[in-house]
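# Structural characterization, general
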2 protein chains.
Amino acid sequence: MNLPNALTYSHTLLTECVGPGDTVVDATVGQGYDTIFLANLVGKSGHVIGFDIQQAALDETQQQLTLTGLGAQVDLHATGHENVGTLLAPNDRIAAAVFNLGYLPGGDKSVITRPATTLTAVKALLPHLPRGGRIILVVYAGHPGGPTERDAVIDFCQKLPQKIYQVLRYGFINQIHTPPFLLAIERR
Amino acid sequence: MNLPNALTYSHTLLTECVGPGDTVVDATVGQGYDTIFLANLVGKSGHVIGFDIQQAALDETQQQLTLTGLGAQVDLHATGHENVGTLLAPNDRIAAAVFNLGYLPGGDKSVITRPATTLTAVKALLPHLPRGGRIILVVYAGHPGGPTERDAVIDFCQKLPQKIYQVLRYGFINQIHTPPFLLAIERR
């Protein structure tokens, strides 16, 4: 058993806090890797709300969801995750949300997540976390604009009140190419 | 289930790489918390080699080991962990080693681990790690001298060749008082 990388560990952290019937958010659908993972965790009685601004990515993910029989519990939205707040009622509980920050691998590398919209989405989600609920951010910073977003997200997380949230940082520190690292915000 | 702190997570990482019959090192015995944990993991056929420069701490740990029937598989040494190399034969395999950097809680706060001796010990242990073997450092940096040791250990870890080792950093980033964080060096 080797130490898992940030992406693998994100799934471990999601598995620990998401179960059948839960509502969860995939803030960056992309290739649908997390969407499908979450759809399996919440099951037929649960709900995955997905966001992506790239229609092609959503189409491909929707096709995979249909093929795997997971389409019923997933709603994909062709809009930025900064609009997540408009889709939630005040009392909606979000067991977990996941963000993959950066660009879509294999897609247009100029389409990247950005600090303002990322943090708008995180702030909108925080009031919906139950105790033990988690917002997971897998942070890629090797691309233009990446370091700025990384620093903004870390700065925001470091200032979250420790009586209400704990924020974990997990990542490898001896790799030459900037590997992704993980931030996990957990409601106490 | 809440996100575990660095100390708790260190035991998870040790459990994953240590089993019955293994030889392991507790580089900072202190109150014997890790020593007893490791003695249980390696069992009667294994071997825990412990170091501490404070005889009182060793005496107390030895007493606990005797009371819990774990004394047979543990050897405690009243010397600094920088001497670990002198106790190992070239082919000895160390499944894991654990360091708690800082001072002994409840003890003399002027007796602290130091960068030079800590890194001497880590360097002496590295050649003895099998694939999947881990050196775990729980780093406290809230005391005088702590930041210097923290920086030296991080700098050393960041430079370890990524083809041979991966180094994980794990810790909470939104706590006002300097909480310990964890570094795990794993032999690939």
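Please refer to the structure higher up on the page.
The structure contained in this document is the topic of the report that follows. Computed from a predicted structure; not experimentally measured. (Residues numbered from 1 in each chain as written. Chains lettered and ligands numbered in written order. Predicted model: local features only at pLDDT ≥ 70, side-chain atom pairs only at ≥ 80, totals over all residues. Heavy atoms only, no water.)

### Comments concerning the side chain of threonine 61 of chain A
Residues and elements named next belong to chain A. When you line up the elements, threonine 61 lands in helix H3 (residues 55-67). You can call threonine 61 buried: its relative accessible area is 0%. The residues contacting threonine 61, other than those within four sequence positions of it, are Val29, Gly30, Gln31, Gly32, Thr35 and Leu76. (Helix = DSSP H or I, 4+ residues; strand = E, 2+ residues; numbered from the N terminus. Buried < 20%, exposed > 50% of the residue type's maximum accessible area, 1.4 Å probe, protein only. Contact = heavy atoms within 4.5 Å.)

### Observations regarding the pairing of strand S3 (residues 74-77) of chain A
As a general feature of sheets, a regular strand has side chains that alternate between the two faces. Residues and elements named next belong to chain A. Burial along S3 is one-sided: Val74 and Leu76 are buried, while Asp75 and His77, pointing the other way, are not. Inspection of the sheet shows strand S2 (residues 47-51) paired to S3 by four bridges, in the parallel sense. Residue phenylalanine 51 lies in a different strand from S3, and its bridge partner there is histidine 77. Between the parallel pair S2 and S3, the chain is carried across by H3, and the sense of this crossover is right-handed. (Pairing = 2+ DSSP bridges. Right-handed = clockwise from strand over helix to strand, strands pointing away.)

### Side note on the relation of the copies chain A and chain B
Overlaying chain A with chain B gives an RMSD of 0.0 Å, the required rotation being 180° about an axis along which the chain moves by 0.0 Å. In symmetry terms, the pair is related by a two-fold rotation axis. Among all residues of chain A, the minimum C-alpha distance to the rotation axis is found for tyrosine 170 of chain A, at 2.3 Å. When the interface residues of chain A are mapped onto chain B, 100% of them again lie at the interface, so the same face is used by both copies. (Least-squares fit on C-alpha atoms with pLDDT ≥ 70 in both.)

### Some points on the interface of chain A and chain B
Chain A puts 30 residues into the contact, and the matching count from chain B is 30 residues. Taking both sides of the interface into account, the surface hidden between chain A and chain B amounts to around 2600 Å²; carbon and sulfur atoms contribute 54%. Summed over the three residues of chain A that lose the most area to chain B, namely Leu3, Ile173 and Asn174 of chain A, the buried surface amounts to 28% of that side. Taken together, the connections running from chain A to chain B amount to zero salt bridges. Between chain A and chain B we count 18 residue pairs in polar contact (both at pLDDT 80 or more) in total. When contributions to the side of chain A that touches chain B are tallied by element, the ones reaching two or more residues are helix H1 (6-17), helix H5 (146-158), strand S6 (165-172) and strand S7 (181-187) of chain A. With eight residues, the top contributor of residues to the side of chain A that touches chain B is S6 of chain A. (Buried area = accessible area lost by both parts, 1.4 Å probe. Salt bridge = Lys/Arg side-chain N within 4 Å of Asp/Glu carboxyl O. Polar contact = N/O pair within 3.5 Å; in protein donor to acceptor, adjacent residues only side chain to side chain.)

### Describing the pairing of strand S5 (residues 134-139) of chain A
Residues and elements named next belong to chain A. Counting buried residues in S5 gives six out of six residues, a clear majority hidden from the surface. Because side chains alternate across S5, one face comprises the buried residues Arg134, Ile136 and Val138, and the other comprises Ile135, Leu137 and Val139, equally buried. Looking at chain direction, strand S4 (residues 96-101) and S5 are connected through six bridges and run parallel. Looking at S5, one finds that valine 98 is bridged to isoleucine 136. Bridging between S5 and S7 involves six bridges; their strand directions are antiparallel. Counted as the bridge partner of valine 138 is leucine 182 from S7.

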